[in-house]
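Topology and contacts: notes
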Amino acid sequence: MAIELNFTIEGGDFSNAGKASSKIKKVLKQLNIEAKIIKKIVVAVYEAEVNVAAHAYSGNVKALVGENDVVVMVSDSGPGIENVELAMKEGYSTASKEVREMGFGAGMGLANIKRNTDELKIETKVGEGTTVTFSLNYS
Amino acid sequence: MKVSDLVEKYGLKVFSGKEGLGKTIEGGYVSDLLSDVMGNAAENEVWITLQTHQNVMAIASLKDLAAVILVKGLEPDEDTLEHSREEEIPLLGTAMGTFEMAGKLYADLNPGSQS
């Protein structure tokens, strides 16, 4: 049986970015999930949270912690991604100047998610929003 | 080398998170790009940066870093201090620039590197 965790994120609210990843980290630790797995999923969730804060109007994070894997779905209502292939490219970013000055928007977010997960799916519609789903197997 | 040893040796300012001063330093990471740190820093490293907002502590906590050093006399935001206290991760400060601070830490952690 999977444990479900839900979080909401507001666009522009960087002060709460990291809340979901922090909570997920704690739950996985309590469940004695391997440290290596926790480290990877935490990076992915954090980057997804930051993406919502940096680009979208609002969004939510849903994590399903199962017996064999953890699946995370991050959905937002926002501008969507015009060119997913380009967005995946390391170094490419559409983040604002303000966001970049905070040290975000280096164009490494999606690449970090991909590198730290087994599967990554991006569904997006320009003008409506984006759903990023990723999973990581324990073994 | 413990975080407290580093503080003492270089007269670093301890802004907050003194509960974590006993942690052992296993390395260092230097970057002002948060995703770079998120992707590449490792547990028990000291992160040297000029970013002062609270996301720095969120990352330090998620990555289980030993401490954060703010360079060039920069002061942390109030919520950064709070986050450091909550997570018990030392937030330190120095008047040194990144190059100098990183060089000293590197030499301390790699005593054989200076022939």
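Now for a quick tour of the structure.

Analysis parameters
Residues numbered from 1 in each chain as written. Chains lettered and ligands numbered in written order. Predicted model: local features only at pLDDT ≥ 70, side-chain atom pairs only at ≥ 80, totals over all residues. Heavy atoms only, no water. Helix = DSSP H or I, 4+ residues; strand = E, 2+ residues; numbered from the N terminus. Rg over C-alpha atoms; globule rule 2.2 N^0.38 Å. Buried < 20%, exposed > 50% of the residue type's maximum accessible area, 1.4 Å probe, protein only. Contact = heavy atoms within 4.5 Å. Areas by Shrake-Rupley, 256 points an atom, 1.4 Å probe, with all protein chains shown as cover. Lys, Arg positive; Asp, Glu negative; His and termini not counted. Charge placed at Lys NZ, Arg CZ, Asp CG, Glu CD. Core = buried A, V, L, I, M, F, W, Y, C linked by side-chain atoms within 4.5 Å. 1 Å grid on protein atoms, 1.4 Å probe; cavity = no way out; pocket = protein on both sides within 12 Å on 5 of 7 lines; lining within 4 Å. Points joined across faces, edges and corners; volume = space filled by probe spheres on them. Pairing = 2+ DSSP bridges. Axes fitted to C-alpha atoms, helices over the stretch in contact; angles between N-to-C directions. Buried area = accessible area lost by both parts, 1.4 Å probe. Salt bridge = Lys/Arg side-chain N within 4 Å of Asp/Glu carboxyl O.

This next bit is on the overall build of chain B. Counting its secondary structure elements, chain B contains five helices and five strands. Element order for chain B, N to C, with α for helix and β for strand: α-β-β-α-β-α-β-α-β-α. Computed over the C-alpha atoms, the radius of gyration of chain B is 13 Å, within 12% of the 13 Å expected from 2.2 N^0.38 for a compact globule of 115 residues. Considered along the principal axes of its C-alpha atoms, chain B spans approximately 45 × 30 × 25 Å. Looking at the 115 residues of chain B, the share that counts as buried comes to 53%. Relative to all contacts within chain B whose residues are 6 or more apart in sequence, the contacts with residues 24 or more apart total 47%. Only carbon and sulfur atoms are counted for the fraction: they give 47% of the accessible area of chain B, which is about 5,100 Å². Distance from the positive charge centre (9 side chains) to the negative charge centre (19 side chains) of chain B: 5 Å.

Turning our eyes to something else, we now look at the nonpolar core. A general tendency of soluble globular proteins is for nonpolar side chains to be buried together. One finds Val72 and Phe134 of chain A to be the most contacted residues of the largest nonpolar core, which totals 59 residues. With 12 residues, the single largest contributor to this core is helix α2 (residues 35–55) of chain A. Discounting residues that sit within four places of it in the chain, Phe134 of chain A has contacts with Ile41, Ala44, Val45, Ala48, Val70, Val71, Val72, Val74, Ile113, Thr117, Glu119 and Leu120 of chain A. Of all hydrophobic cores here, the second largest spans 17 residues; its members include Leu6, Val46, Ile48 and Met96 of chain B.

Further remarks concern the layout of surface pockets. Residue and element names in this part refer to chain A. Approximately 620 Å³ is the volume found for the largest pocket. Contributing to the lining of the largest pocket are 35 residues, with Asn51, His55, Ile81, Ala87 and Thr94 lying nearest its centre. Elements that contribute at least two residues to the lining of the largest pocket include exactly α2, β3 (69–77), α3 (84–88), α5 (109–115) and β5 (129–137). With seven residues, the single largest contributor to the lining of the largest pocket is α2.

Residues and elements named next belong to chain A. Read across the open sheet, the five strands follow the order β1-β2-β3-β5-β4; overall the sheet is antiparallel. Strand pairing shows two members of the sheet lacking a second neighbour, β1 (3–10) and β4 (119–125), which therefore form its edges. Across the sheet, the axes of successive neighbouring strands diverge by a mean angle of 10 degrees, strand direction being ignored. Sheet contacts for helix α1 (residues 19–30): β1 and β2 (58–65); angle to β1, the most-contacted strand, approximately 165 degrees. Across the face of the sheet, α2 comes into contact with β1, β2, β3 and β5 while running at roughly 175 degrees to β5.

Within an α-helix, residues lying three or four positions from one another point in the same direction, as the helix has 3.6 residues per turn. All names here are of chain B. Most of helix α3 (residues 55–62) sits inside the fold, with eight of its eight residues counted as buried. Within the span of α3, buried status applies to Asn55, Val56, Met57, Ala58, Ile59, Ala60, Ser61 and Leu62. Following α3 by one or two positions, Asp64 has its phi on the positive side, about 55 degrees.

Chain A puts 20 residues into the contact, and the matching count from chain B is 19 residues. Roughly 1,500 Å² of surface becomes buried between chain A and chain B when both sides are summed, with 53% attributable to carbon and sulfur atoms. Among the residues of chain A in contact with chain B, Lys25, Tyr46 and Met102 of chain A are the three that bury the most area, contributing 28% of the side total. Connecting chain A to chain B are two salt bridges. Note that Asp64 of chain B and Lys25 of chain A form a salt bridge whose closest N and O atoms lie 2.9 Å from each other.

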